[in-house]
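# A structural walkthrough
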Amino acid sequence: MKIEKEFSRFAHEYGKYNVIQEKVAQKLINELQSQPKEILDLGCGNGAINKKVFWDYNRFTAIDFSQKMLDLHPKSDKVKCNLGNFNEDTLFEELVKENYEHVFSASSLQWAKDLDAVLYQISQLNAPISLAIFTSNTFKTLLETAGIDSPLKSSEEVSYLLNQYFRCEIEVINYELSFDKIDEIFTYIKKSGVSGGRNVLSYKQVKALMRNYPLKTLEFEVLFVRSL
Ligand SMILES: C[S@@+](CC[C@H](N)C(=O)[O-])C[C@H]1O[C@@H](n2cnc3c(N)ncnc32)[C@H](O)[C@@H]1O
């Protein structure tokens, strides 16, 4: 498992809250060694992967359980946006009938209810994978300051699960995003979707955390996996 570090600045003035997810999706595309024609994207969101696919493809199937996200996804006669939940076997019962040449999932699978089960289902699609999964050192110092355990699995746990089902290369990247003001950090967490919509802290606890948080940066840890 290779570990790397990368730094970015939060471009507040552009109102961009998905700085890290954009980088993650771009890395998955950059490292692809083929140009698959039949593509599946699980947890597609507003289309970060689709927008970066630069080659001509026959079909891009975009799955998300949020209709609001799917509404924002690019559409064309080659892009099929389907409402679906990767926690449900019924989704995979349909997907397994298709022949996908590549399966992407960017910044989504950390929210799987049972990652082991979802990875098994993905392996049954018999297609090469490019996945990026946020792991437990995301917001490390923030969570330590608040005295909260990460809701995410560690990179070791995720690697173990992946190695059960795939012959794959795994890389863990640590990103740091820097901010001018502490309140921008909390706005970012709220709006970026990286917290999975969970409000773990009360208003009072957030205020205390804002006073005590020692950094002007946010930490992210992302595990990338691709088929060998
Ligand atoms: C942080 S966003 C990432 C979106 C996009 N892949 C990207 O790279 O920007 C996570 C997405 O996963 C979707 N998602 C989370 N849990 C899901 C599930 N169980 N089934 C399908 N989609 C899910 C969310 O609705 C959201 O659009």
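Residues numbered from 1 in each chain as written. Predicted model: local features only at pLDDT ≥ 70, side-chain atom pairs only at ≥ 80, totals over all residues. Heavy atoms only, no water.

## Topic: the overall build of the protein
Each helix and strand counted, the protein has nine helices and eight strands in total. Evaluated residue by residue, the protein yields a buried proportion of 51% over its 228 residues. Residue pairs in contact within the protein that sit at least 24 positions apart in sequence constitute 71% of those at least 6 positions apart. (Helix = DSSP H or I, 4+ residues; strand = E, 2+ residues; numbered from the N terminus. Buried < 20%, exposed > 50% of the residue type's maximum accessible area, 1.4 Å probe, protein only. Contact = heavy atoms within 4.5 Å.)

## Quick look at the site of the ligand
By nearness alone, 16 residues border the ligand, and Gly43, Asp64, Asn85, Phe86 and Ala106 come closest of all. Backbone polar atom of Gly43 to a nitrogen atom of the ligand: 2.8 Å apart, as the coordinates give it. Asp64 places a polar side-chain atom, nitrogen or oxygen, 2.6 Å from an oxygen atom of the ligand. Out of a free accessible area of 600 Å², the ligand has 91% covered by protein chains. Split by residue class, the shell around the ligand holds six nonpolar, nine polar and one charged. (Near = heavy atom within 4 Å. Polar contact = N/O pair within 3.5 Å; in protein donor to acceptor, adjacent residues only side chain to side chain. Areas by Shrake-Rupley, 256 points an atom, 1.4 Å probe, with all protein chains shown as cover. Nonpolar A, V, L, I, M, F, W, Y, C, P; charged D, E, K, R; others polar.)

## A closer look at helix H7 (residues 155-165)
Burial in H7 covers these residues: Ser155, Val158, Ser159, Leu161 and Leu162. The arc that holds every buried residue of H7, seen down its axis, measures 165°, which confines them to one face. Along H7, the residues that are exposed and aim more than 90 degrees away from the buried face are Glu156 and Tyr160. For H7, the elements touching its buried residues are helix H5 (115-123), strand S6 (129-134), strand S7 (168-178) and strand S8 (217-227). (Arc of directions from axis to C-beta.)

## Quick notes on the packing of aromatic side chains
Considering all chains together, one arrives at seven aromatic pairs under this definition. When the ring of Phe54 is compared with that of Trp55, the centres are 5.0 Å apart and the planes differ by 85°; the resulting orientation is edge-to-face. For Trp55, a relative accessible area of 7% corresponds to the buried category. Where Tyr120 meets Tyr165, the ring centres are 5.9 Å apart and the plane angle is 65°; that geometry is what we call edge-to-face. (Phe/Tyr/Trp six-rings, centres within 6.5 Å; stacked < 30°, edge-to-face > 60°.)

## Focus on the side chain of His102
The residue His102 is located in strand S5 (residues 102-106) in this model. Contact partners of His102, with chain neighbours within four places excluded, come to Leu32, Pro36, Glu38, Ile39, Leu40, Ala127, Pro128, Ile129 and Ser130.

## What about the pairing of strand S4 (residues 79-83)?
Relative to S4, strand S3 (residues 59-64) runs parallel, the two sharing five bridges. The residue bridging Ala62 from the neighbouring strand is Cys81, located in S4. Between S3 and its parallel partner S4, the chain crosses via helix H3 (residues 67-72), and the hand of that crossover is right-handed. (Pairing = 2+ DSSP bridges. Right-handed = clockwise from strand over helix to strand, strands pointing away.)

## Section: the packing of helix H8 (residues 182-192) against helix H9 (residues 203-212)
Two numbers describe how H8 lies on H9: the axes approach to 9 Å, and their chain directions differ by 135°. Considering their axes alone, H8 and H9 lie oblique with respect to each other. Handedness of the H8/H9 crossing: right-handed. Counted together, Ile182, Asp183 and Phe186 of H8 and Val206, Leu209 and Met210 of H9 form the full contact between these two elements. Tallied by class, the residues present in the contact of H8 with H9 amount to five nonpolar, no polar and one charged. (Axes fitted to C-alpha atoms, helices over the stretch in contact; angles between N-to-C directions. Parallel < 35°, antiparallel > 145°, perpendicular 65-115°, else oblique. Left-handed = near helix turned anticlockwise from the far one by under 90°.)

## Remarks on unusual backbone geometry
Its identity as a non-glycine residue notwithstanding, Ser107 has a phi of 60°, on the positive side. Checked against the element boundaries, Ser107 lands in the loop between S5 and H5. Although it is not a glycine, Asn126 sits at a positive phi angle of roughly 55°. For Asn126, the position within the fold is in the loop between H5 and S6. Accessibility expressed as a relative area gives 71% for Asn126, which makes it exposed.

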